[in-house]
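The lines below spell out each chain.
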Amino acid sequence: MTAAAAADSTGAAADLNDVMANNIKISLNFRKRLGSFALNLNCTLEKKVTAFLGASGSGKSTLLSCLSGTLSPDEGAIAFGDELLYASALGIDMPPEKRRFGYVFQEGYLFPHLTVAQNIRYGQPRYRRKTPESTAQVLDILEISALLQRYPKQLSGGERQRVAIARALAMEPQMLLMDEPLASLDSELKNRIIPYLHHVKDAFDVPILYVTHAISEAMALADEAFLLSNGEITASGEPHQLLTAPSAMPIAQLTGVENILSLPVAESDKSRGVTELEIGSQYLVIPYIAANIGKAIPTAIRAEDIIISLEPNLPISARNILKGAIDELDAVGERTMLSILVEGHRLSVKITHEAREQLQLRKGMEVYCVIKANAINLLWN
Amino acid sequence: MRITAAEVTALTLSIKVALLSLIVMFPPGLLVGWLLAKRAFPGKALLNTLVMLPLVLPPVVSGYLLLILLSKHGLIGAFLFQVFGIEFVFSPFAVVIAISVISFPLLVRGIVAGMETVPAALENAARTLGASPAKVFFTVTLPLAYRGIIGGAILGFSKSLGEFGATIMVAGNIPGKTQTMALAIFSAVQLGEDASVYRLVLISTVVAFVALWLTERFTLR
């Protein structure tokens, strides 16, 4: 086999892995009205991990409640493979306990009167209680064996969410529903939990619906993403493409990360502790990660974390000084929003009006974007 | 201080009927409490009003209404008498019925208060984990509402121990048969038996104190 063929076949395997187990399709076609809000969905989930991305009030929680069966839609149908979970025309509305959808809540909702072990056992199918190999695997992957005898209030936030995920997995669900499972954690904890979610994705043959307002989580986990706004799907597609496209900018700004760049690894040097990413003919230096050369690494940079300079050779410690040209200037409230093109990549930069005047920034002007390595968030683990 | 046999009889009768009432009313109390705390249905306000009515009605009025219903010529009493040949009024069972009606609102209030502290989200979580509504009730709602439930039970029991107005209307004041502590005190006062009054009042106070204290111990965190 040639190297090219080998690369090809591994690529195909990776693709297969992203497609849902047994090719199960989940079709959502229903409407639900709650006061003045209406959720109106018509989509099919075919990938292993699907992210629904939207701001609060966009209908994410309503979607999950309808899917899990704790809330009945007004009309339409929900099908999991061949199985109808809900069909208004046929009068079908399967109760939540029959659906076997493992639900991981933002707040965890562990049972406070039960130990971690009892919480995890709660949803386990009865006939499995004596052969808990799968549970052992769950405990192993989420690293909670040491927590089993504790009560939920004795757990840290991150431990609580891991237990919540374990509880949902231990029931051997047909599907995992995750409702902002990281939203209640601080960013450092988030970055520690995301690898666990990756392990879960790889180790269990369960489709996952991941609902979040954080682009970084959707990028890090999902095979497909839907943008949800006011109860309607406004865009869908492969997350990196969808979320790095200029059309995703409003969502990016909504969720507080304006710049999402997917950049290939140029060099990774463990001894120097740095990895360099290619941005055109220039390089973006980030703390070392073990990634192969050429692998695309999604990164997120907040617009206010970029400093604009008119000169490249500054006596400063920041490692990243990228040359670009101003494409647009916009006054947004108290700040000026610059759109800077760096060899085809667009960077949004937020500066004060004062800085804009002092530097006499104009459209078409050549500038340097100074970025601290720490300000570059990796959306990959 | 020597307690007379009659006083002991009144005390044990009080405790027996109060316990029996609690045992009989506890399951329907749980059901009604659960309905009021966790369910939305037409007529909920009406059910709540009916259950709570004895709390605001003068006990004598409740007792009189029960008397009408249960007497040989009453709606329920006539049926029982004709079909089974039993007559409830002026029997220990009448005492149980009277104190049950009067204490039921307190029992239910405690249960509702307890169940309302259990977040619906937690119960929904249990449903998604495969639990039927019945399993959710017994494994999540009940254990988490236990403080309120025990509080309601002890409060209802205490109320039953001291009930007077409804009891005397339906059950009369028959020593050894329907004369509870409260009725015995009433009789002793009427007959001017001061020593007996003091003893009974002391016992009643101690029993009430212990009951309330137990409630507090169970319900305070």
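None of these values were measured; they are calculated from a predicted model. (Residues numbered from 1 in each chain as written. Chains lettered and ligands numbered in written order. Predicted model: local features only at pLDDT ≥ 70, side-chain atom pairs only at ≥ 80, totals over all residues. Heavy atoms only, no water.)

Caption draft 1: Here's a closer look at the overall build of chain A. Secondary structure assignment for chain A yields eleven helices and 21 strands. Looking at chain A residue by residue over its 381 residues, the buried ones come to 50%. In chain A, of all internal contacts separated by at least 6 residues, the share reaching a separation of at least 24 is 67%. As presented, chain A carries roughly 17,800 Å² of accessible surface, and 48% of it is formed by carbon and sulfur atoms. (Helix = DSSP H or I, 4+ residues; strand = E, 2+ residues; numbered from the N terminus. Buried < 20%, exposed > 50% of the residue type's maximum accessible area, 1.4 Å probe, protein only. Contact = heavy atoms within 4.5 Å. Areas by Shrake-Rupley, 256 points an atom, 1.4 Å probe, with all protein chains shown as cover.)

Caption draft 2: Representation of the domain arrangement of chain A within the structure. Along its sequence, chain A is organised into domain 1 (17–250) and domain 2 (260–378). The centre of domain 1 of chain A, based on its C-alpha atoms, is set 34 Å off from the matching centre of domain 2 of chain A. (Domains from an automatic or database assignment.)

Caption draft 3: Seen up close, the packing of helix 1 (residues 5–38) of chain B against helix 8 (residues 146–162) of chain B. All names here are of chain B. For the pair helix 1 and helix 8, interaxial distance at closest approach is 9 Å and the crossing angle is 140 degrees. Here helix 8 runs oblique to helix 1, going by the angle between their axes. Pair helix 1 / helix 8 crosses with right-handed handedness. Facing helix 1, whose interface residues are Ser14, Ile15, Ala18, Leu19, Ser21, Leu22, Phe26 and Leu30, helix 8 presents Ile149, Ala153, Phe157, Ser160 and Leu161. (Axes fitted to C-alpha atoms, helices over the stretch in contact; angles between N-to-C directions. Parallel < 35°, antiparallel > 145°, perpendicular 65-115°, else oblique. Left-handed = near helix turned anticlockwise from the far one by under 90°.)

Caption draft 4: Region of the structure containing the confidence of the model for chain A. Taken residue by residue, chain A gives an average pLDDT of 83. The fraction at 70 or more is 87%. Per-residue pLDDT stays below 50 along residues 1–17 of chain A; that stretch engages in three contacts with residues further than four places along the chain or on separate chains. (pLDDT = per-residue confidence, 0-100.)

Caption draft 5: Structural context of the sheet that holds strand 8 (residues 175–179) of chain A. All names here are of chain A. Pairing within the open sheet is mixed, and its six strands lie in the order 7-8-9-3-10-11. Strands at the two margins of the open sheet, each flanked by one partner only, are strand 7 (101–104) and strand 11 (232–237). Strand-to-strand twist in this sheet, taken as the mean axis angle between neighbours without regard to direction, amounts to 20 degrees. Alignment of strand 8 against strand 9 (residues 208–212), held across four bridges, turns out to be parallel. Following the sheet pairing, Leu177 is matched in strand 9 by Leu209. Against the sheet, helix 2 (residues 60–68) engages strand 3 (49–53), strand 7, strand 8, strand 9 and strand 10 (224–229), with an angle of about 155 degrees to strand 9. Along the sheet, helix 6 (residues 157–170) contacts strand 7 and strand 8; its crossing angle with strand 7, the most-contacted strand, is approximately 175 degrees. (Pairing = 2+ DSSP bridges.)

Caption draft 6: Spatial organisation of helix 6 of chain A. All names here are of chain A. Counted at 1.5 Å a residue, the expected span for helix 6 with its 14 residues is 20 Å, and the 20 Å between its end C-alpha atoms agrees. The buried fraction of helix 6 is high, at twelve of 14 residues. Considered for burial, the residues of helix 6 that qualify are Gly158, Glu159, Gln161, Arg162, Val163, Ala164, Ile165, Ala166, Arg167, Ala168, Leu169 and Ala170. Residue Glu172 follows helix 6 closely and has a positive phi angle near 55 degrees. (Expected span 1.5 Å × (residues − 1).)

Caption draft 7: Quick look at helix 11 (residues 194–219) of chain B. Residues and elements named next belong to chain B. Taking 1.5 Å of rise per residue, the 26 residues of helix 11 would be expected to cover 38 Å, and the 37 Å separating its terminal C-alpha atoms lies within 8% of that figure. Among all positions of helix 11, only Ser196, Val197, Arg199, Leu200, Ile203, Ala211 and Thr215 are buried. If you follow the buried residues of helix 11, they end up packed against helix 1, helix 8 and helix 10 (181–191).

Caption draft 8: Fine view of the nonpolar core. Residue and element names in this part refer to chain A. Ranked by size, the top nonpolar core spans 48 residues in total, and within it Ile120, Leu142, Leu176 and Val200 carry the most contacts. Per-element tally for this core: the top contributor is helix 6, with seven residues. Setting aside anything within four residues of it in sequence, one finds Ile120 in contact with Thr135, Leu139, Ile144, Leu148, Val163, Ala166, Arg167 and Ala170. (Core = buried A, V, L, I, M, F, W, Y, C linked by side-chain atoms within 4.5 Å.)

Caption draft 9: Broad picture of the packing of aromatic side chains. Residues and elements named next belong to chain A. Applying the stated rule across the entire model yields ten aromatic pairs over all chains. An angle of 50 degrees between the planes, with centres 4.6 Å apart, marks the rings of Phe111 and Tyr122 as tilted. One end of the pair, Phe111, is in the loop between strand 7 and helix 4 (116–122); the other, Tyr122, is in helix 4, and eleven residues separate them in sequence. Tyr122 gets classed as buried once you look at its relative accessible area, which sits at 6%. Feature note: the residues Tyr103, Phe105 and Tyr109 constitute an aromatic cluster, connected by ring pairs. (Phe/Tyr/Trp six-rings, centres within 6.5 Å; stacked < 30°, edge-to-face > 60°.)

Caption draft 10: Focus on the sheet that holds strand 2 (residues 37–45) of chain A. Residues and elements named next belong to chain A. Read from one edge of the open sheet, five strands run 2-1-4-5-6, paired in antiparallel fashion. Lying at the two open borders of the sheet, with one neighbouring strand each, are strand 2 and strand 6 (92–93). Both strand 5 (residues 83–87) and strand 6 contribute to a ladder of two bridges, which runs antiparallel. Bridging from a neighbouring strand, Ala87 pairs with Ile92 of strand 6. Each of strand 1 (26–34), strand 2 and strand 4 (75–80) is contacted by helix 2, which is oriented at about 115 degrees to strand 1, the strand it contacts most.

Caption draft 11: Main features of the interface of chain A and chain B. Across the boundary between the two partners, chain A contributes 18 residues, which contact 18 residues of chain B. Interface area for chain A against chain B, summed over the two sides, is near 1,600 Å², with a carbon-plus-sulfur share of 68%. For chain A, the biggest contributors to the area lost against chain B are Glu97, His113 and Tyr122 of chain A; these three give 40% of the whole. The interface formed by chain A and chain B includes one salt bridge. For Arg127 of chain B, the salt bridge is made with Glu97 of chain A, and the minimal N-O distance between the two is 2.6 Å. (Buried area = accessible area lost by both parts, 1.4 Å probe. Salt bridge = Lys/Arg side-chain N within 4 Å of Asp/Glu carboxyl O.)

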